[in-house]
Amino acid sequence: MRRKHFDVILPWPPIELSPNHNKKIHYMVLQKIIRNYRATARILTHEAAQKVRVRNVVGKVNIEFHFYPPDNARRDEDNLLASMKAGIDGIADAICVNDWYFHYKEMTVHGSYPQGQVLARVSFLQKSTPRRAKSTR
């Protein structure tokens, strides 16, 4: 088994996904926003995972988040993680792993970045598959 990792750069989650804000909008509108962000995260993760050939993931998957907010407003780390729930589900969809296996290693909030972004560093154990012997024909 080998430890592998890849980085995914996700867009900043919409304000509607924040637990402090999502009670103010209609649930059908919120579901559409969740569905779109999850699909975006799934597509971006799938592209990043293809580059390192992710397959046969075994055991816990470690995720380390680096948040680059669009402004210098103060944010609670627990709300940042909660607003990433749809993104986390998209990551799980892309690598075909139940998010129950995810372990959150570290969250770091950096300085502001135009439009904001979230860097997710995903590391995991990958079961190596034995190579088939070449035919001697």
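Scroll up for the structure.
Residues numbered from 1 in each chain as written. Predicted model: local features only at pLDDT ≥ 70, side-chain atom pairs only at ≥ 80, totals over all residues. Heavy atoms only, no water.

### Considering the environment of Ala-49
Tracing the sequence through the fold places Ala-49 in helix 1 (residues 27–51). Setting aside residues up to four positions removed in sequence, Ala-49 forms contacts with Phe-6, Val-54 and Ile-95. (Helix = DSSP H or I, 4+ residues; strand = E, 2+ residues; numbered from the N terminus. Contact = heavy atoms within 4.5 Å.)

### Considering the packing of aromatic side chains
Tallying each qualifying case throughout the model produces 6 aromatic pairs. Taking 6.1 Å as the distance between ring centres and 80 degrees as the angle between the ring planes, the aromatic pair formed by Trp-12 and Phe-67 counts as edge-to-face. In this pair, Trp-12 sits in the loop between strand 1 (2–11) and helix 1 while Phe-67 sits in strand 2 (residues 57–68), placing the two residues 55 residues apart along the sequence. Taking the relative accessible area as the measure of exposure, Trp-12 reaches 17% and is therefore buried. Geometrically, the ring pair formed by Tyr-68 and Tyr-113 is edge-to-face, given 6.4 Å between the ring centres and 65 degrees between the ring planes. One end of the pair, Tyr-68, is in strand 2; the other, Tyr-113, is in the loop between strand 3 (102–109) and strand 4 (117–126), with 45 residues separating them in the sequence. On the basis of relative accessibility, which here comes to 23%, the residue Tyr-68 falls in the partly exposed class. We classify Tyr-113 as partly exposed; its relative accessible area is 39%. Through a chain of ring-to-ring contacts, three or more aromatic side chains come together here, namely Trp-12, Phe-65, Phe-67 and Tyr-104. (Phe/Tyr/Trp six-rings, centres within 6.5 Å; stacked < 30°, edge-to-face > 60°. Buried < 20%, exposed > 50% of the residue type's maximum accessible area, 1.4 Å probe, protein only.)

Geometric descriptors of this kind do not, in isolation, establish any biological role.
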